[in-house]
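In case you want the letters, here they are:
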Amino acid sequence: MQHDGSGRIVVQNLSKHFGPVAAVQNLSFEVRPGSVTGFLGPNGAGKTTTLRMLLGLVTPSAGVATINGRPYHQLGNPAQVVGAVLENEGFHPKRSARNHLKVYAAAIGAPDQRVEEVLGLVGLSGAADRRAGGFSLGMRQRLALATALLGNPQVLVLDEPANGLDPEGIVWLRNFLRAYAREGRTVLVSSHLLSEVEQTIDQVVIISHGVTRYYGPLDQLRSSQQSRVLVQAADPNALVKALQEGGFTQVEPTPDGRVAVLGATRQQIGDLVAKAGIAVYGIEEERADLEKLFFQLTSPQYAGMPQQPYGGPPQQGGWGPPPPGYPPQQQYQQAPPGYQQGHGGWGGQG
Ligand SMILES: Nc1ncnc2c1ncn2[C@@H]1O[C@H](COP(=O)(O)OP(=O)(O)OP(=O)(O)O)[C@@H](O)[C@H]1O
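Residue numbers run consecutively from 1 along every chain, following the written order of its sequence. pLDDT decides what is reported in this predicted model: residues at 70 or higher carry local features, side-chain atom pairs at 80 or more are listed and counted, and totals for whole chains, interfaces and linings draw on all residues regardless. Side-chain metrics in this entry use all non-hydrogen atoms of the structure; hydrogen atoms and water are not considered.

### Focus on the overall build of the chain
Counting its secondary structure elements, the chain contains twelve helices and 14 strands. Throughout, exposure labels follow a simple rule: accessible area from a 1.4 Å probe, protein chains only, divided by the maximum for the residue type, with under 20% read as buried, over 50% as exposed, and the rest as partly exposed. Residues classed as buried in the chain amount to 47% of the 350 residues present. Contacts in the chain between residues at least 24 apart in sequence constitute 70% of all its contacts with a sequence separation of at least 6. The way it works is that DSSP assigns letters per residue, a run of H or I at least four long becomes a helix, a run of E at least two long becomes a strand, and they are numbered from the N terminus. Note on definitions: a residue-residue contact is assigned when non-hydrogen atoms from the two residues lie within 4.5 Å.

And the structure:
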């Protein structure tokens, strides 16, 4: 049966157990053409196992993974549909890059001319006659990518492709993958570091211990992380009152006695306290930190929490269970008790 040519990757309720180890649990997500999707999670999260199931190298315990609507082994001409780079791929050390590519090109019926094209695409033309055994890790990554590109595939699946690349190589890879997606192709790229792929990806699937923690557009994840303005005031209660009167309702105390205001700028707060005549000793903006959120989402503490409290794996734009302390447990949507009387301390304690 023919595949549908859609360029779509669909992972549906995918699970894999290795004996007692649940490597992947009920994972679901979709990758559409024209986008780069980051598949993120710490070491051991289940990324490689998932990609190996997608590529027909590991049999799922449950669920399905398809490319163009078919499991990998049912794609008639897989090299033209999907190109993949998995971790620790070996090259014959004595074979030159060009000869390595010629062997693979012959195996999938690609012409020798394609070998020269892919060498150019990955920037290895100048090193084509050097033995792969002498290549740096970064050059080996490029050669592996060139091999994946031989069939001019619609879909690219790359496991930790930034490993071993120097900063220049990372920028090169980012531009390459974005251009590839702009051609209407599909790119799925795994990493254990959000910062490494943050500028490359449009969509993100974050997993930890084989379970989805977040699945959706990166922008949405970013905008969920509001910056906060931290204010140290002589009279926090008066400050909270003024903030709420000024329409800043997302106000919370910090452990060090400051008042955190969400959805505000330093300037807005500065103007407000000046107008209200409130003495403040400091106004500081705390920038949203995506890396911190990623760490929280994938931390072991978080992984120990009940799974899927919302009844199933997250849909697109959806979350797994909230990370600890998120949203903050102490949040003054209304004035803290005690302050309305004009006396008593912060939260009615003083
Ligand atoms: N063949 C196997 N036999 C037994 N356990 C396995 C096997 N392959 C993977 N695992 C286990 O499954 C879990 C997920 O591993 P996997 O390699 O998929 O994670 P990963 O997210 O790719 O991590 P890394 O970046 O370290 O490769 C780990 O606990 C790992 O030890």
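The rest of the description comes next.
### Some remarks on helix α5 (residues 137-149)
The length a helix should cover is 1.5 Å for every residue beyond the first. In this model, α5 (13 residues) spans 18 Å end to end at C-alpha, consistent with the 18 Å of a helix rising 1.5 Å per residue. Of all 13 residues that make up α5, eleven are buried, and the element is covered over most of its length. Along α5, the residues that are buried comprise Gly138, Met139, Gln141, Arg142, Leu143, Ala144, Leu145, Ala146, Thr147, Ala148 and Leu149. Structurally, α5 contributes buried residues whose contacts are with β5 (82-85), α3 (97-108), α4 (112-121), β6 (155-159) and α6 (167-182).

### Observations concerning the side chain of Arg70
On the secondary structure map, Arg70 appears in the loop between β4 (62-67) and α2 (78-81). No salt bridge is formed by the buried Arg70; the nearest opposite charge belongs to Asp4, separated by 8.0 Å. N or O atoms within 3.5 Å of each other form a polar contact, as long as, within protein, one can give a hydrogen and the other can take it, and as long as residues adjacent in sequence are counted only when both atoms are side-chain atoms. Among the polar contacts listed, one links the side chain of Arg70 to the side chain of Gln74, at a separation of 2.5 Å. Lys and Arg are tallied as positive, Asp and Glu as negative. Neither His nor the chain termini are counted. Within this document, salt bridges are pairs made up of a side-chain nitrogen of Lys or Arg and a carboxyl oxygen of Asp or Glu, the two lying within 4 Å of each other.

### Examining the sheet that holds strand β10 (residues 228-233)
Read from one edge of the open sheet, four strands run β11-β12-β10-β13, paired in antiparallel fashion. Both edges of this open sheet fall to β11 (251-253) and β13 (280-286), since each of them pairs with a single strand only. Each strand of the sheet is rotated relative to its neighbour by a mean of 25°, with strand direction disregarded. Where β10 and β13 come together, six bridges link them in antiparallel fashion. For two strands to be treated as a pair, DSSP must find no fewer than two bridges joining them. Note on geometry: axes are C-alpha line fits, over the in-contact stretch for helices, and angles between N-to-C directions span 0 to 180 degrees.

### So, the pattern of salt bridges
Side chains that differ in sign of charge can pair as their charged atoms come close. A complete count under the given rule lists eleven salt bridges for this structure. Residue Arg98 is joined to Glu116 by a salt bridge in which the shortest nitrogen-to-oxygen separation is 2.9 Å. Note that Arg98 is positioned in helix α3 and Glu116 in helix α4, a separation of 18 residues in sequence. Since its relative accessible area comes to 18%, Arg98 is described here as buried. Take Glu116: its relative accessible area is 36%, and that puts it in the partly exposed class. If you follow the salt bridges from partner to partner, you end up with Arg98, Glu116 and Asp129 in one network.

### Quick notes on the packing of aromatic side chains
We call Phe, Tyr and Trp rings a pair once their centres come within 6.5 Å, taking the six-membered ring for Trp, and we label the pair stacked below 30 degrees between planes, edge-to-face above 60, and tilted otherwise. Taken as a whole, this structure holds three aromatic pairs when the rule is applied. Taking 5.3 Å as the distance between ring centres and 40° as the angle between the ring planes, the aromatic pair formed by Phe29 and Phe39 counts as tilted. Of this pair, Phe29 sits in strand β2 (residues 21-31) while Phe39 is found in strand β3 (residues 36-40), placing the two residues ten residues apart along the sequence. Each member of the pair Phe29 and Phe39 is classed as buried. Ring centres 5.5 Å apart and planes at 25° place the aromatic pair Trp172 and Phe176 in the stacked group. Remark: Phe176 and Trp172 occur in helix α6; sequence separation between them is four residues, near one turn of the helix. Residue classification places Phe176 among the buried positions, given a relative accessible area of 11%. Members of the aromatic cluster, joined through ring pairs, are Trp172, Phe176 and Tyr180. For a lysine, the NZ atom is tested; for an arginine, the CZ atom; a charge sits over a ring if that atom is within 6 Å of the ring centre and within 35 degrees of the ring normal. The ring of Trp172 has Arg142 sitting right over it, with the charged end atom 4.3 Å from the ring centre.

### Things to note about the site of the ligand
The environment of the ligand is made up of 13 residues, and the closest members are Gly44, Gly46, Lys47, Thr48 and Thr49. Contact between the ligand and Asn43: an oxygen atom at 3.3 Å from a side-chain N or O atom of the residue. Between the ligand and Lys47, the relevant distance is 2.8 Å, taken from an oxygen atom to a side-chain nitrogen or oxygen of the residue. For the shell around the ligand, the leading source of residues is helix α1 (residues 47-54), giving three residues. Ten residue types, Ala, Val, Leu, Ile, Met, Phe, Trp, Tyr, Cys and Pro, are classed as nonpolar, four, Asp, Glu, Lys and Arg, as charged, and the remainder, Gly among them, as polar. Per-class residue counts for the shell around the ligand are five nonpolar, five polar and three charged. Only heavy atoms are used to decide nearness, and a residue is near a molecule or strand if one of them lies within 4 Å of it.

### Quick notes on α6
Over its 16 residues, α6 runs 23 Å from end to end, which matches the ideal 22 Å to within 8%, given 1.5 Å per residue. Turning to α6, its buried residues are Gly169, Ile170, Leu173, Arg174, Phe176, Leu177, Tyr180 and Ala181. In this structure, the buried side of α6 is in contact with β3, α4, α5, β6, β7 (186-191) and α7 (194-197).

### Here we look at the packing of α3 against α5
Close contact between α3 and α5 brings their axes to 10 Å; oriented N to C, the two are set at 25°. Relative to α5, α3 is oriented roughly parallel. The crossing of α3 and α5 is right-handed. Here Ala97, His100, Leu101 and Tyr104 of α3 come into contact with α5, specifically with Leu143, Ala146 and Thr147. When describing relative orientation, an angle under 35 degrees is termed roughly parallel and one over 145 degrees roughly antiparallel, while 65 to 115 degrees is termed roughly perpendicular and anything else oblique. By definition, turning the near helix anticlockwise from the far helix through less than a right angle yields a left-handed crossing, and turning it clockwise yields a right-handed one.

### With respect to the side chain of Gln203
Following the sequence through the fold, Gln203 ends up in strand β8 (residues 203-208). A polar side-chain atom of Gln203 sits 3.2 Å from the main-chain carbonyl oxygen of Glu30.

By themselves, these observations are geometric and do not establish any function.
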